[in-house]
Amino acid sequence: MQISYDLTGELDRTLRETASRTDGFNDDFSPEIRPADLRFGDYQANGVLPFAKKYGLNPREMAEKLIEALGEDESMDVDLAGPGFLNFRFTPAFRLAWMQKYSSIHDFREAFQASRKPFRVVVDFSSPNTAKQMHVGHIRSTIIGDVIARLFDFGGNEVTRDNHVGDWGTQFGILILAIKRSKSDLEDLGQDSIAKLEDLYREGNQLIAEDESFRMEARSELVKLQQGEKENIGIWEKVNAISLASFLHVYERLGIRFDDILGESFYRDKVDAVYEGLTKHAICEESEGAMVVFHREHKRFAKQPFIVRKSDGASNYATTDLATVCYRVEKLRAEEIVYVTDGRQQDHFSQLFLTAEKWFAAEGKFLPHLSHVWFGTILGEDNKAIKTREGQPVKLLDLLDEAIARAKVIVRQKNPELDEIEMEKRSRIIGLGAIRYADLSQDRTLDYVFSWDKLLALQGNTAPYLQYAVARIRSIFRKLKMEPGSGEEAASAPVTESENLLARKLIYFPSVLEQTQRELKPHHLCGYLYELATDFSSFYNSDKVLVDDPDVRARRMLLCSRTLLILETGLELLGIETLAQM
RNA sequence: GCGGGAGUAGCUCAGUUGGAUAGAGCAAUGGUUUUCUAAACCAUCGGUCGCGGGUUCGAGUCCCGCCUCCCGCACCA
């Protein structure tokens, strides 16, 4: 068989081609290539069984015909097993050839991009509200969104990372009320100004909870702001400046960047076009004083309204989200928009997408592919979502600092002689890696209970385990006084069991990456990297690289440098840094 | 009530869309270091895949009916 980047795809093509010239098969036949259990081989084809069933044929006979038509192939062994499975096992020579062909991150990138057409995509993520500090609840959107943007980028797409900050919502009415009543000076809030703002916001919430007249007052402050009243605009601007500085501090720590930080306020002069458009095409209607969209054809949204203008005349996030779609189409020429938010907003996005579809269709405009990449809630120890208003939420910055501090205890324990700068660097990379990985290694649609132990566990399927594998490989090359990638020219095919297991695992990387990209679920990549690191650790333990025999040494060096390459490529996609020494 | 999600080993979770004898980590027990970093490796123990039906060569995965938990459902985002 031909050496191809993604061998799942290559086997699929090969079998389809073979079937097309084999009696009894037709276009209905789908090979259904899957990675196989180690006992059976590298890949298996399950497709003969359902095909034979459909046409009333004997599956084993059909499978035999297919094997015969495939003919002898030096690159793999093909077996018929069970009721009609085809098992494929690549030869060590073929594994060697694959490793030789794909030897750099450029090779992977190019091969990955060759199979797909690039597009312009906006990733909308993180999106904290101003006047509040970022807390644990923001970590998932921020990290998952960052990784999704990295995946798109790796795929050669034109990515815009947009932080759709909540700087125009109802919270401002409440906050302005509290600021005015307390006569706070926004120029002089002291050291932790963002925390002061948060306190004021909390006070405001208490006020409106206690007294209906305060609620009215807050609402009118918001309307004044939205109408451009000078004093309120001034307050609003200062609040946003303070908030943004505090966000940027967190992003810097996390190593996250944005192309745009266009808050909801950016669209405030664009919401009238939304009202006009929806009204003109009779997509919206008046209900209980508000302007809403019902989707008659939909079971639930026929009765559950999508409110695009509140009864007090103010816009809300439905309005700005619609205006945002327009902007991203017109100015960014987006072909795809991905929203990374909490799963509790599923209804909102379903309604948003339905409304946008109708509106754009009515206008005859191109609508990008819209998708909602949602994730579960982070829960407290009581199994309830961590609240923002009651109780003290864990500040994101504190969380990161504590992760680093905890990592430092272990780094110091392992390397007591290290100087402070190096100690700090390693602790940061290990601590932040652990935080990121804890979130990414679990299926994003699941809720999880927040706990320090979970986030900072350094054993099992964790970032430090992967970083440790990287450090060990680097250590081997350091001892050899050679760079990874060199000294492998004379490498021969894998021989020992653990060499072959490692090589076998390396070859799976492309199909895992493909699945991760297709489902936008980073945990697939995490699981794979963990398995790879595990196979490497077994190999490391049983097969020494620094041996006298030059043949053995060369072939093991090749395995080391490819493992390193894939681990680092994978971790880079996850936004996790690595170390030469741990 | 409608909709979304979850229920798999004592605990935390995978399970590539219907494949072969359901896998990891943690915890527990035992072993491995004059050998490239033991933050490691190897082994043992551990299962009525929530319950009951059904579909078929084959079901943790699909269809039906239940049970439990979390979340959303009119002007917060």
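If you're wondering where the values come from, they're calculated on a predicted model, not measured in any experiment.

A.B. asks: Sorry if this is basic, but what is going on with the overall build of chain A here?
C.D. replies: If you tally the helices and strands in chain A, you get 21 helices and 13 strands. Overall, the C-alpha framework of chain A stretches about 85 × 70 × 40 Å when taken along its three principal axes. Looking at chain A as a whole, 54% of its 582 residues qualify as buried. Taking contacts inside chain A between residues at least 6 apart in sequence as the whole, the part at least 24 apart equals 74%.

A.B. asks: I keep staring at the nonpolar core and nothing clicks. Help me out?
C.D. replies: Soluble globular proteins tend to bury their nonpolar side chains together. Core analysis: the biggest nonpolar cluster contains 110 residues, and Tyr-43, Phe-88, Phe-108, Val-123, Val-340, Leu-513 and Leu-574 have the highest contact counts within it. Top contributing element to this core by residue count: helix α21 (residues 550-573), with ten residues. Sequence-distant contacts of Phe-88, that is, excluding residues within four places in its chain, are made with Leu-11, Leu-15, Gly-41, Asp-42, Tyr-43, Gln-44, Ala-45, Leu-70, Met-76, Asp-77 and Val-78.

A.B. asks: Help me out: how do you make sense of the side chain of Asp-6 in this one?
C.D. replies: Here Asp-6 lies in the segment before α1 (7-20). Although Asp-6 lies buried, it forms no salt bridge, and the closest oppositely charged side chain, Arg-116, sits 6.3 Å away as judged by the N-O distance. Among all residues touching Asp-6, those that are not within four sequence positions of it are Pro-510 and Ser-511.

A.B. asks: Can you walk me through the sheet that holds strand β3 (residues 76-81) in this structure?
C.D. replies: The strands making up a sheet associate through hydrogen bonds between their backbones, and the pairing can be parallel or antiparallel. Spatially, the four strands line up as an open sheet ordered β1-β2-β4-β3, and their pairing is antiparallel. Strands at the two margins of the open sheet, each flanked by one partner only, are β1 (33-35) and β3. Within the sheet, the average angular offset between the axes of one strand and its neighbour, ignoring direction, is 25 degrees. Direction of pairing for strand β2 (residues 43-45) relative to strand β4 (residues 85-90): antiparallel, over a ladder of three bridges. The partner of Ala-45 across the bridge, within β4, is Leu-86. Running at roughly 165 degrees to β3, helix α3 (residues 59-70) makes contact with β3 and β4 of the sheet.

A.B. asks: Please explain the packing of aromatic side chains as it appears in this structure.
C.D. replies: What describes a pair of aromatic rings is the distance from one ring centre to the other and the angle between the planes of the rings. On inspection of all chains with the given rule, the structure shows 29 aromatic pairs. Aromatic side chains Phe-29 and Phe-51 sit 5.8 Å apart centroid to centroid with 85 degrees between the ring planes, which places their arrangement in the edge-to-face category. Taken as a pair, Phe-29 in the loop between α1 and β1 and Phe-51 in helix α2 (residues 48-54) lie far apart in primary sequence, 22 residues in all. Each member of the pair, Phe-29 as well as Phe-51, carries the same accessibility label: buried. With 5.8 Å between their ring centres and 40 degrees between their planes, Tyr-339 and Phe-353 make a pair best called tilted. Placement of the pair is Tyr-339 in strand β10 (residues 336-342) and Phe-353 in helix α13 (residues 346-363), with a sequence separation of 14 residues. For the pair Tyr-339 and Phe-353, one class covers both residues: buried. By the ring-pair criterion, three or more aromatic residues cluster together here, those being Tyr-5, Trp-98, Tyr-102, Phe-108, Phe-509 and Tyr-528.

A.B. asks: Looking at this structure, I do not really get the pattern of salt bridges. What am I missing?
C.D. replies: Any two side chains of opposite charge can pair, so long as their charged atoms come close to each other. Throughout the structure, instances matching the rule amount to 46 salt bridges. Of the charged contacts in the structure, one is a salt bridge between Asp-42 and Arg-95, with a shortest N-O distance of 2.9 Å. On the criterion of sequence distance, the pair formed by Asp-42 in the loop between β1 and β2 and Arg-95 in helix α4 (residues 92-101) is long-range, its members being 53 residues apart. Each member of the pair Asp-42 and Arg-95 is classed as buried. The partner of Glu-402 in a salt bridge is Arg-406, with the nearest N and O atoms 2.7 Å apart. Taken together, the residues span about one helical turn, with Glu-402 and Arg-406 both in helix α14 (residues 396-414) at a distance of four residues. Classification of Glu-402 as partly exposed rests on a relative accessible area of 30%. Within the structure, one salt-bridge network assembled from shared partners comprises Asp-146, Arg-150, Arg-161, Arg-436 and Glu-572.

A.B. asks: Any chance you could explain the packing of α4 against α21 here in plain terms?
C.D. replies: If you want to describe how two helices pack, look at the angle between their axes and the distance between the axes. Closest axis-to-axis distance for the α4/α21 pair is 11 Å, and the angle between their directions is 55 degrees. With respect to their mutual orientation, α4 and α21 come out oblique. Relative to α21, α4 is oriented so that their crossing is left-handed. Here α4 contributes Leu-96, Met-99 and Gln-100 to the contact with α21, which in turn contributes Leu-558, Leu-559 and Arg-562. Its residues placed into classes, the contact of α4 with α21 shows four nonpolar, one polar and one charged.

A.B. asks: How should a nonpolar patch on the surface be read in this particular structure?
C.D. replies: Taken together, the side chains of Leu-244, Leu-248 and Ile-261 define a hydrophobic patch exposed on the protein surface, amounting to about 220 Å² of accessible area. Looking at the element boundaries, Leu-244 is found in helix α10 (residues 230-254).

A.B. asks: I would appreciate a short explanation of a negative patch on the surface in the present structure.
C.D. replies: Taken together, the side chains of Glu-72, Glu-74, Asp-77 and Asp-79 present a region of like negative charge at the surface. Here Glu-74 lies in the loop between α3 and β3.

A.B. asks: Help me understand the protein's contact with RNA strand B in this model?
C.D. replies: Close to RNA strand B lie 67 residues, the nearest being Arg-34, Lys-310, Tyr-465, Ser-475 and Tyr-540. A breakdown of the atoms of RNA strand B within 4 Å of the protein gives sugar and phosphate a share of 62%. Note that a sugar or linking oxygen of RNA strand B is positioned 3.1 Å from one of the side-chain N or O atoms of Gln-304. Within the contact set of RNA strand B, a phosphate oxygen lies 3.2 Å away from a backbone nitrogen or oxygen of Asp-443. Class assignment for the residues of the surface near RNA strand B results in 26 nonpolar, 22 polar and 19 charged.

A.B. asks: Is there a simple way to explain the pairing of β10 in this structure?
C.D. replies: Along any regular strand the residues' side chains alternate between the sheet's two faces. The element β10 is largely enclosed, with a buried count of seven among its seven residues. For the crossover that starts at β10, traverses α13 and ends in the parallel strand β11 (residues 369-375), the hand is right-handed.

A.B. asks: Hey, could you run me through the domain arrangement of chain A in this one?
C.D. replies: Many descriptions give the size of an interface as the accessible area lost when the pieces come together. By domain assignment, chain A separates into domain 1 (7-90), domain 2 (122-379) and domain 3 (396-573). On the side of domain 3, 28 residues touch domain 2, which itself brings 29 residues to the contact. On the surface where domain 2 and domain 3 come into contact, there are four salt bridges. Between Arg-150 and Glu-572 there is a salt bridge; the shortest N-O distance is 3.7 Å. Contributing elements (two or more residues each) for the side of domain 2 that touches domain 3: α6 (139-154), α10, β11 and β12 (378-379). Here the side of domain 2 that touches domain 3 gets eleven residues from one element, more than from any other, and that element is α6.

A.B. asks: I'm lost on the sheet that holds strand β8 (residues 290-293) in this one. Help?
C.D. replies: Within the open sheet, the three strands sit side by side as β7-β8-β9. Their pairing is antiparallel. The open sheet has two free edges, formed respectively by β7 (285-287) and β9 (306-309), since each of these has just one partner strand. With strand direction ignored, the average angle separating the axes of adjacent strands in the sheet is 50 degrees. Examined bridge by bridge, β8 and β9 share three bridges and lie antiparallel to one another. Paired with Val-293 across the strands is Phe-306, a residue of β9.

Cut-offs applied
- Residues numbered from 1 in each chain as written.
- Chains lettered and ligands numbered in written order.
- Predicted model: local features only at pLDDT ≥ 70, side-chain atom pairs only at ≥ 80, totals over all residues.
- Heavy atoms only, no water.
- Helix = DSSP H or I, 4+ residues; strand = E, 2+ residues; numbered from the N terminus.
- Buried < 20%, exposed > 50% of the residue type's maximum accessible area, 1.4 Å probe, protein only.
- Contact = heavy atoms within 4.5 Å.
- Core = buried A, V, L, I, M, F, W, Y, C linked by side-chain atoms within 4.5 Å.
- Lys, Arg positive; Asp, Glu negative; His and termini not counted.
- Salt bridge = Lys/Arg side-chain N within 4 Å of Asp/Glu carboxyl O.
- Pairing = 2+ DSSP bridges.
- Axes fitted to C-alpha atoms, helices over the stretch in contact; angles between N-to-C directions.
- Phe/Tyr/Trp six-rings, centres within 6.5 Å; stacked < 30°, edge-to-face > 60°.
- Parallel < 35°, antiparallel > 145°, perpendicular 65-115°, else oblique.
- Left-handed = near helix turned anticlockwise from the far one by under 90°.
- Nonpolar A, V, L, I, M, F, W, Y, C, P; charged D, E, K, R; others polar.
- Patch = residues over 30% accessible without salt bridge, like charges linked within 9 Å, V, L, I, M, F, W, Y side chains within 5 Å.
- Areas by Shrake-Rupley, 256 points an atom, 1.4 Å probe, with all protein chains shown as cover.
- Charge placed at Lys NZ, Arg CZ, Asp CG, Glu CD.
- Near = heavy atom within 4 Å.
- Polar contact = N/O pair within 3.5 Å; in protein donor to acceptor, adjacent residues only side chain to side chain.
- Right-handed = clockwise from strand over helix to strand, strands pointing away.
- Domains from an automatic or database assignment.

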